[in-house]
Amino acid sequence: MTGYATVQSSVAQSAPETEARQEASSRLGVEIRSVNSRFLDLAFRLPDELRQAEPALRELLTSKLKRGKVEVRVSLESASASSLRPPSSATLQRLGSLEDSIKSWLPQAAVLSVADILRIATNEDKKPHDDSEELLKLANQALKELMSARGREGARLAAMLLDRTAQLRALTALAWPMVPKLVEQQQARFLERWKEAMALGGIAVQPEMAQDRALTEATAFAIRIDVAEEITRLSSHLDEIDRLLASGGEMGKRLDFLIQELHREANTLGSKSASLDLTRISVDMKVLIEQIREQVQNIE
C-alpha cells in the first residue's frame, strides 16, 4: 500500500566549552515513503552519524508493516549559528606550542593558516552526540502517520473489493437456475430426436421406454454439467472475503489464497459450461476476480 509521512524536530546539543558556553541545536527529520509491493522491502538513507540506529529502525518498521516497498530517509542539519565558533585561548596556546615544536624539527613545514586553526579547533572541540533516541521517537511518529495514510487507502480498497464481490454474487445468482433449465431442455431435445429417429426407421417404441431412456441421458448430462459444487464454493469464498474485510487487521495473504480459489472455481464453471450464457458468466467472473487480485496484492 502507498503512503507518505514526514516529521521534523529540533535537537538540542551541548556546545563545546569556550569562554562563553553556547547552546547548539540541529534539525532532525524523518521521511517515510511506501509504495505497493507483495513483500516487505525496506531501504534506509541515513547520515553517517546515525547509521548505528538502522537495526532499531528496521525492527520498528517490521513490527508494524508486512507489505510494501518502504524507503526511510533521515536528515540531520546543524544550525548555522553553531557551524563556526571562536577557538578557546587554551586551544590556541596548545596549537602554538605544537607548531613551535614541529618547526624545530621540520623548519620547512608551512605555518598554520586561520582556516587550518578553525578546522582543527572545531574538530577538537566537537563532542559526539547520540541522537538515536530522538530519531526513534520521530520514526515512531512518522510511522503512525504512515499507518494512518495507509489506513485511509485501505478503506478505499475495501470499498472497491466489496463492490466487486457484490457483482460476483449477482453473477453467481444468475448461474444457479441455469443448470436445471439446461437439463430440462436436454431431456426434451432427446425425446424429440428419439421420436424422429424411430419414425424414420419404422420402429414402434413404447412411450415409457422413450421416457426412461430420455431420463437416463438427461441424468448423465446433468452430472456432466453440474456446477452446484463450484457455485457453492464461490459463495463460501465470497462470504469469507467479506468477513475479512469487515473484521480488518492483517489479511493480505489470506485474501491471496481466497482469490486463487475463486479463480479456480470460475475456471471450472467455464469448462463445464453447456450454454453460451454460462460461459459469459464465467468470463465476467474471471474479469472481476482479476481486478480483485491486482488490489489484494497491495493489502496487508
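Residues numbered from 1 in each chain as written. Predicted model: local features only at pLDDT ≥ 70, side-chain atom pairs only at ≥ 80, totals over all residues. Heavy atoms only, no water.

What exactly am I supposed to notice about the overall build of the protein here?
Looking only at helices and strands, the protein has nine helices and four strands in total. In the protein, the order of α-helices and β-strands from amino to carboxyl end is β-β-β-α-β-α-α-α-α-α-α-α-α. Taken over 300 residues, the protein has a buried fraction of 36%. Sequence separation of at least 24 residues holds for 79% of the intrachain contacts in the protein that already meet a minimum separation of 6. For the protein, the exposed area adds up to about 17800 Å²; of that, 54% sits on carbon and sulfur atoms. (Helix = DSSP H or I, 4+ residues; strand = E, 2+ residues; numbered from the N terminus. Buried < 20%, exposed > 50% of the residue type's maximum accessible area, 1.4 Å probe, protein only. Contact = heavy atoms within 4.5 Å. Areas by Shrake-Rupley, 256 points an atom, 1.4 Å probe, with all protein chains shown as cover.)

It is not clear to me how the nonpolar core should be interpreted in this structure. Could you clarify?
Proteins that are soluble and globular tend to have nonpolar side chains buried together. Of all hydrophobic cores here, the largest spans 30 residues; its most connected members are Leu168, Leu255, Leu262 and Met285. Every element with two or more residues in this core is listed here: α4 (132-175), α7 (228-247), α8 (252-271) and α9 (276-296). Those residues within four positions of leucine 262 in sequence are excluded, and the remaining contacts are Leu168, Leu234, His237, Leu238, Ile241 and Ile289. Membership of the second largest hydrophobic core comes to 23 residues, among which are Ala5, Leu46, Leu65 and Leu143. (Core = buried A, V, L, I, M, F, W, Y, C linked by side-chain atoms within 4.5 Å.)

Looking at this structure, how should I read α9?
Side chains of residues three or four places apart in an α-helix project in the same direction, reflecting 3.6 residues per turn. For α9, built from 21 residues, the straight-helix expectation of 30 Å at 1.5 Å per residue is met to within 8% by its first-to-last C-alpha distance of 30 Å. Among all positions in α9, only Leu278, Ile281, Ser282, Met285, Leu288, Ile289, Ile292 and Val296 are buried. All buried residues of α9 project into a common sector of 135 degrees when viewed along the axis, lining one side. (Expected span 1.5 Å × (residues − 1). Arc of directions from axis to C-beta.)

Sorry if this is basic, but what is going on with the packing of α4 against α9 here?
Any two packed helices are characterised by how steeply their axes cross, that is the angle between the axes, and by the distance between the axes. Orientation of α4 relative to α9, taken along the N-to-C sense of each, is 165 degrees, at an axis distance of 10 Å. Here α4 is positioned roughly antiparallel relative to α9, judged by the angle of their axes. The interaxial crossing formed by α4 with α9 has left-handed handedness. Two secondary-structure elements touch here, α4 through Leu157, Met160, Leu161, Arg164, Thr165, Gln167, Leu168, Leu171, Thr172, Leu174 and Ala175 and α9 through Leu278, Ile281, Asp284, Met285, Leu288, Ile289, Gln291, Ile292, Gln295 and Val296. Per-class residue counts for the contact of α4 with α9 are 14 nonpolar, five polar and two charged. (Axes fitted to C-alpha atoms, helices over the stretch in contact; angles between N-to-C directions. Parallel < 35°, antiparallel > 145°, perpendicular 65-115°, else oblique. Left-handed = near helix turned anticlockwise from the far one by under 90°. Nonpolar A, V, L, I, M, F, W, Y, C, P; charged D, E, K, R; others polar.)

How do you make sense of the side chain of arginine 67 when you look at a structure like this?
Structurally, the position occupied by arginine 67 is in the loop between α1 (54-64) and β4 (68-78). The exposure class of arginine 67 is buried, given its relative accessible area of 5%.

Just checking my understanding: could you explain the side chain of glutamate 230 for this structure?
For glutamate 230, the location among the structural elements is in helix α7. Judged by relative accessible area, which is 4%, glutamate 230 ranks as buried. The residues contacting glutamate 230, other than those within four sequence positions of it, are Glu265, Thr268 and Lys272.

What exactly am I supposed to notice about the packing of α8 against α9 here?
Interhelical geometry of α8 versus α9 gives an angle of 165 degrees and a closest axis separation of 9 Å. Between α8 and α9, the interaxial angle falls into the category roughly antiparallel. Viewed along their axes, α8 and α9 form a crossing whose handedness is left-handed. For the pair formed by α8 and α9, the contact residues are Gly252, Leu255, Asp256, Ile259, Gln260, Leu262, His263, Ala266, Asn267, Leu269 and Gly270 on the first element and Leu278, Ile281, Ser282, Met285, Lys286, Ile289, Ile292, Arg293 and Val296 on the second. When its residues are assigned to classes, the contact of α8 with α9 shows eleven nonpolar, six polar and three charged.

Hey, could you run me through the environment of leucine 76 in this one?
Mapping leucine 76 onto the fold places it in strand β4. Classification of leucine 76 by relative accessible area gives partly exposed; the value is 25%. Expressed as a C-alpha distance, the spacing of leucine 76 and arginine 27, which sit 49 residues apart in the sequence, is 5.7 Å. Ignoring any residue separated from it by four or fewer positions in sequence, one finds leucine 76 in contact with Ser26, Arg27, Leu28, Pro47, Glu49, Leu50 and Asp131.

Explanation requested: a nonpolar patch on the surface in the structure shown.
Among the surface-exposed residues, Leu98, Ile102, Trp105 and Leu106 lie close enough to one another that they form a single nonpolar patch of about 490 Å² accessible area. Mapping leucine 106 onto the fold places it in the loop between α2 (89-105) and α3 (114-125). (Patch = residues over 30% accessible without salt bridge, like charges linked within 9 Å, V, L, I, M, F, W, Y side chains within 5 Å. Salt bridge = Lys/Arg side-chain N within 4 Å of Asp/Glu carboxyl O.)

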